[in-house]
Amino acid sequence: MTNRRLCVVGTAAAAFCTALVLAMLLAPAAATRPLDELSELVAPMLAATACVVAGRRKGGRARTAWYLIAAGAAARGAGQGAWCWLDLVLHQGNPFPSIADAGFAAAVPLLLAGLLTMPFWPAGPAAKLRVVSDGLLVAGGILLLSWHTVLTPVLASPVDSALSQGLSLAYPIGDVIVVTVLAMMWSRASSSSRTPILLITAGALLIAVSDTGSAYAHARGSFGSGNLVDIGWVAGHLVLGLAALCAFGRREGPRQVLPPTPLSAVVPYLPLPVVIALAVREWLSDGVISPFTLLIGLALFVLVLLRQGLAVRENVRLVRLLASNESELSHRAEHDPLTDLNNRGSFIHLVDEWLSDPASDRICAVMFVDLDDFKHINDSLGHAMGDEAIVAVGERLRSCMRSHDLVARLGGDEFAVFLTRLPNVNQLVTIAERLIETLNEPFQSADMHASVCGTIGIAIAEPGDDAAELLRRADIAMYAAKARGKGMFGIFEPSMHVAMYAPLERRADLERAVEAGEFALHFQPVVDVPTRAIVGVEALIRWEHPLLGMVGPLDFIDDLEKAALMIRVGAWVLNEACGQAVRLRGITGDDLFVSVNVSSSQMLDSGFVAVVSDALAGSGLPAEALVVELTESVSVGESEVVGLRLCQLRSMGVRVAIDDFGSGYSSFTYLRRLRVDILKIDKSFMDDLLAGGSGAALVEGMIGLGNSLGLLTIGEGVEEGAQHAALVRLGCSMAQGYLHARPMPMDQIAERCLVRTPAAAEIAAAR
Ligand code: C2E
Ligand code: MG
Ligand code: MG
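What counts, and where the lines are drawn
- Residues numbered from 1 in each chain as written.
- Chains lettered and ligands numbered in written order.
- Predicted model: local features only at pLDDT ≥ 70, side-chain atom pairs only at ≥ 80, totals over all residues.
- Heavy atoms only, no water.
- Donors = N, O, S within 2.8 Å, 3.2 Å for Na, K, Ca; no water.
- Helix = DSSP H or I, 4+ residues; strand = E, 2+ residues; numbered from the N terminus.
- Buried < 20%, exposed > 50% of the residue type's maximum accessible area, 1.4 Å probe, protein only.
- Near = heavy atom within 4 Å.
- Polar contact = N/O pair within 3.5 Å; in protein donor to acceptor, adjacent residues only side chain to side chain.
- Areas by Shrake-Rupley, 256 points an atom, 1.4 Å probe, with all protein chains shown as cover.
- Pairing = 2+ DSSP bridges.
- Axes fitted to C-alpha atoms, helices over the stretch in contact; angles between N-to-C directions.

**Student:** I keep staring at the coordination of the magnesium ion (ligand 2) and nothing clicks. Help me out?
**Tutor:** For a metal bound by four donors in a tetrahedral arrangement, the ideal donor-metal-donor angle is 109.5 degrees, while six donors in an octahedral arrangement ideally sit at 90 or 180 degrees. Binding of the magnesium ion (ligand 2) to the protein goes through E538 (OE), N597 (OD1), E629 (OE) and D659 (OD), at separations of 2.0 to 2.2 Å. Separating the magnesium ion (ligand 2) from the magnesium ion (ligand 3) is a distance of 4.0 Å, and D659 supplies a donor atom to each of them. With E538 in strand β9 (residues 534-545) and N597 in strand β11 (residues 593-598), the pair connects residues that are 59 residues apart, well separated along the chain. Classification of E538 by relative accessible area gives buried; the value is 3%. Residue class for N597 comes out partly exposed when judged on its relative accessible area of 28%.

As structure tokens, then:
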């Protein structure tokens, strides 16, 4: 219900009550009596209707609760109906007790039942009983206090029967219990539910005022309807109806039981000092304690005992729950949820515990089990089946092992077994073979037919080992076994460590070298065959290793490729070579070219052409002065991409050479597919050149091929003068080799260029 509507309804109820009060004050009692009695009938019925409406909007316990409260209000209304019938129709006055009291008396338990059904209370009958006993304790205390302060003096001069007095007192007592329960509800309810509870409490208090007033009037013999105090019944029920209207618009959130506050834990015990104080007061003034005080005191004492008993029971239950939660939590922390095997953490912990125990002197070992190609099972059968297979593998591992062996799932498709008390190392071999055999058996289940195999690495514990070290060694042994094939096992040997870690260490070394800029370029001159004049240089990379000294490219180019550093280093080579070539050309004044070796990964890199053009632009080297050397390591299958790149380079003006031509099997395929400018005839042919046989004929054929395709030719690896002379005779364009110069730093090349051969000087002068 909206706040606006609530305001309207609240204002109407307040106006009605005010009008009633005014009528009762101003008009004679006889005239207002029917109005009073009828309004006491109408107000509870209105409240009951509102509660039913509120209940229909709710579900579960809240609905039942509102229906019970509605029943309580309706019972009150029914009682009042009987009252009106007796008084207004049968003119029997206001007999007390009468049939009407059946309805009135039923109202309080029904209201209480409704309140206790509300979803604010802790679940379980014991907890509810504790709440009720708390309510009774507080109510008992209040009752005793009011007995001593207000009621005893009045009841001292009884004018009515004991039954009617007792009954008239029962209503305020009931009200006290209701208000107590409401106060406890308020302390437990979430803030959003507090408004309806406050309104119900206000209604209950108004009713309590009327109930107390009428009990007082009874005691004094002045009871009769039409009293001003009766207004509380009307107003109280109207406010109750308002509470229902206020609650019906609210959607209940998830049930929220708030923990009791320290105050709510202490409140139930407060009546005890009150009882003791009142008893002492009676004893001191009269020398005896009245039966009523004793009775209430005893009742409160029993209630406290009951409450304590319930609290102890609850505590025992909570402690048990906590203990079972704790063991469940620690099990979860130590086990893999899928297979229920020990997890990595607990495996390491238990193995460490065993290894550190001086009593465990027998042979023990760790087996590292890795499933082969498990990814395929996940990919082809789905992850659910993959999980099923993992569980089955876990069960098989368990079944293969002795009861005292520790089996764990390290994660993914990796398992580990810790074997202890082994009689000898041979036993390990037997167990590993049995394990592989068991793992290899195909999985047959209702929805799965699959087979997995596993590879096992074994590490035998040595003195001083810990679990992490054992696992690491077993892991290395597993990788070494995997390298031999699937479904194998291997026992760790130190050589495995070297084989596995050497590449890793090399990689780290190279990464460091790239960062530290430990690479340098040497240049080998390329000479014109007829004149022996230097016409160009080939850039050749060197690694100036801080410990190993100068390292040649054949010892690290492959590692650079594997470490995915080649593209980065290759770009550096291009920039450096172009820059140094520009310097050389500046010193010599000659149009020398520079050749740069390019690996296949560079060629296949989409950014390669941009790297080349940046190097040219950055150095100012003309594109025609750059030669890109390509070896046959680029596979023919990739030649489409390479062909495209070469096309782009050649359209920029860059020339392309095929390095080590003739050394591979695909030399001629290359020539057919790729458009190039220079053939560099491999050194092996130079070696054969003077040996007689087919050597010279092959070189002649290659030079002839180059000439007929309009390509320049370079003879590589020329070491002897006779080889050079043969190249002159065969018409080779250029030559390169130790005969002319070894690879050297650029400064030395510049010096060499300036010292021209006589033939070269002649040609230079003629230009
Ligand atoms: P390559 O491109 O065929 O270079 C010629 C190699 O033969 C060089 O070896 C050179 O020192 C050597 N050489 C030259 N003349 C003679 C000779 O008369 N006798 C003998 N025995 N050898 C001679 P290097 O510098 O060790 O280079 C080896 C290979 O490394 C090169 O062969 C090239 O394929 C590669 N390489 C060198 N630098 C780079 C580079 O920056 N990037 C790439 N990707 N590869 C490079
Ligand atoms: Mg080369
Ligand atoms: Mg070569």
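Once you've had a look at it, read on.
**Student:** Please clarify how the site of ligand 1 should be interpreted in this entry.
**Tutor:** Around ligand 1, 22 residues are found, and the nearest of them are E538, N597, D659, E719 and Y738. Between ligand 1 and E538 there is a distance of 2.8 Å, counted from an oxygen atom to a side-chain nitrogen or oxygen. Contact distances for ligand 1 include 2.9 Å between an oxygen atom and a backbone N or O atom of Y738. Burial of ligand 1 by the protein amounts to 82% of the accessible area it has alone, namely 800 Å².

**Student:** Before we go on, may I ask you to explain the coordination of the magnesium ion (ligand 3) in this structure?
**Tutor:** On the protein side, the magnesium ion (ligand 3) has D659 (OD), D660 (OD), E716 (OE) and E716 (OE) as donor atoms, found 2.0 to 2.6 Å from it. As a motif over one chain, the donors of the magnesium ion (ligand 3) read D-D-x55-E.

**Student:** Looking at this structure, how should I read the sheet that holds strand β6 (residues 453-460)?
**Tutor:** Within a beta sheet, neighbouring strands are joined by backbone hydrogen bonds and run either parallel or antiparallel to one another. In spatial order, the strands read β2-β3-β1-β6-β7; together these five strands make up an open sheet with mixed pairing. Looking at strand neighbours, the two that pair on one side only are β2 (406-411) and β7 (489-491), the edges of this open sheet. Ignoring strand direction, the axes of neighbouring strands in this sheet form an average angle of 20 degrees. As paired strands, β6 and β7 are joined by three bridges and run parallel to one another.

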